[in-house]
Amino acid sequence: MSRVRISVFSQNYLPSSLADAVRLEPIVQYFQEKGFEVDLYTCTNVTILPETVNLKQLWCVAPDNKDKPGIRLLKEVVLGIELFFKIIFAKKAQLYLLTSPPFLACAIASFAVKVRSGRLIFDVRDLYPDIYFKQKLIKEGGRIHGLLSWVEKRIYDASTYILTATEGLLREVNCRSMTDARLLRNGYNDNFHPTHEKFSN
């Protein structure tokens, strides 16, 4: 039986010490140890990876919390467009894992996953678009807020699994979608065990 391919997007990865890098490294390691063929999409200049993990370097400048709001949003969109085309033209995976934030980049990439008819695992580390209106980037209850909330729900509903980093996020996600959502604290645990059989059909 051929190995199941999973494509993983994490804006940052080791040797970065940022939150998504620390969270995703043991998850990637888990998939690799379970025999999945892993494609890693990241903006980080990764120098050391296991031979069974294929680096798919992203060349767009990564969004940064220190950026001005407009610049940050623009970087997220540009990153999402690059990731979209990388997914479209890469070898098809059976499974795609996107970790958010960056939310807009993940939202754009999720459409590529749909085009490729892949199964999506959406990893939630912050609630969007809630963060945008808390940062006064958009107006709460406005049209943009409504549009992004619709996009968020579509992503949740299209996912095979939703992973959350905290219990609070899990409760909120369960209020927004009926998709199977699970708490996965930093690093994998017994709460999440995808298998070849589940994703090879």
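Described in the following lines is the structure provided in the data block. These numbers were taken from a predicted model, which means no experiment stands behind them.

## What to know about the environment of Ile138
Now for step 1: By the element assignment, Ile138 lies in the loop between helix 4 (130–134) and helix 5 (143–158).
Now for step 2: Apart from the residues lying within four places of it in its own chain, the contact partners of Ile138 are Pro129, Tyr132, Phe133, Ile144, His145 and Leu148.

## As for helix 2 (residues 69–89)
Now for step 1: Taking 1.5 Å of rise per residue, 21 residues should cover 30 Å, and helix 2 covers 31 Å from first to last C-alpha, within 8% of that figure.
Now for step 2: Within the span of helix 2, buried status applies to Arg72, Glu76, Leu79, Gly80, Glu82, Leu83 and Ile87.

## Focus on the pairing of strand 1 (residues 5–9)
Now for step 1: Burial of strand 1 is extensive: five of the five residues sit out of reach of the surface.
Now for step 2: Of the strand pairs in this sheet, strand 1 and strand 2 (residues 37–42) are connected by five bridges, and their pairing is parallel. Note that in strand 2 the partner of Ser7 across the bridge is Asp39.
Now for step 3: Inspection of the sheet shows strand 1 paired to strand 4 (residues 95–100) by four bridges, in the parallel sense. Paired with Ile6 across the strands is Leu95, a residue of strand 4.

## Points about the packing of aromatic side chains
Here the distance between the centres and the angle between the planes together describe a pair of aromatic rings.
Now for step 1: Taken as a whole and assessed by the stated rule, the structure comprises seven aromatic pairs.
Now for step 2: A ring pair is formed by Phe31 and Phe36, whose centres lie 5.1 Å apart and whose planes are at 75 degrees; its orientation type is edge-to-face. The same class applies to Phe31 as to Phe36, namely buried.
Now for step 3: The interplanar angle of 70 degrees and the centroid separation of 4.9 Å between the aromatic rings of Tyr128 and Tyr132 together place this pair among those described as edge-to-face. Tyr132 shares its class with Tyr128; the two are buried.
Now for step 4: A network of ring pairs unites the aromatic residues Tyr30, Phe31 and Phe36 as a single cluster.

## Thoughts on the pattern of salt bridges
Now for step 1: One pass over the structure, following the stated rule, counts 12 salt bridges.
Now for step 2: Note that Arg72 and Glu76 form a salt bridge whose closest N and O atoms lie 3.7 Å from each other. Of the two residues, Arg72 and Glu76 both sit in helix 2, four residues apart, roughly one turn of that helix.
Now for step 3: Given the relative accessible area of 9%, Arg72 is considered buried.
Now for step 4: What makes Glu76 buried here is its relative accessible area of 1%.
Now for step 5: Close ionic contact of Glu172 with Arg176 constitutes a salt bridge, the shortest N to O distance being 3.0 Å. With Glu172 and Arg176 both in helix 6 (residues 167–176), this residue pair falls four residues apart, about one helical turn.
Now for step 6: By relative accessible area, Glu172 is classed as partly exposed at 29%.
Now for step 7: Taken together, the salt bridges that share partners define one network made up of Arg3, Arg5, Glu37 and Asp39.

## As for unusual backbone geometry
Now for step 1: Along the chain, Leu14 connects to Pro15 via a cis peptide bond; the corresponding omega equals 15 degrees.
Now for step 2: Considering the arrangement of structural elements, one finds Pro15 in the loop between strand 1 and helix 1 (19–33).
Now for step 3: The linkage connecting Pro101 with the following residue, Pro102, adopts the cis geometry, with an omega of 10 degrees.
Now for step 4: Mapped onto the secondary structure, Pro102 falls in the loop between strand 4 and helix 3 (103–115).
Now for step 5: Of note, Ser117 is a non-glycine position whose phi angle comes to about 55 degrees, a positive value.
Now for step 6: By relative accessible area, Ser117 is classed as exposed at 56%.

Cut-offs applied
Residues numbered from 1 in each chain as written. Predicted model: local features only at pLDDT ≥ 70, side-chain atom pairs only at ≥ 80, totals over all residues. Heavy atoms only, no water. Helix = DSSP H or I, 4+ residues; strand = E, 2+ residues; numbered from the N terminus. Contact = heavy atoms within 4.5 Å. Expected span 1.5 Å × (residues − 1). Buried < 20%, exposed > 50% of the residue type's maximum accessible area, 1.4 Å probe, protein only. Pairing = 2+ DSSP bridges. Phe/Tyr/Trp six-rings, centres within 6.5 Å; stacked < 30°, edge-to-face > 60°. Salt bridge = Lys/Arg side-chain N within 4 Å of Asp/Glu carboxyl O.

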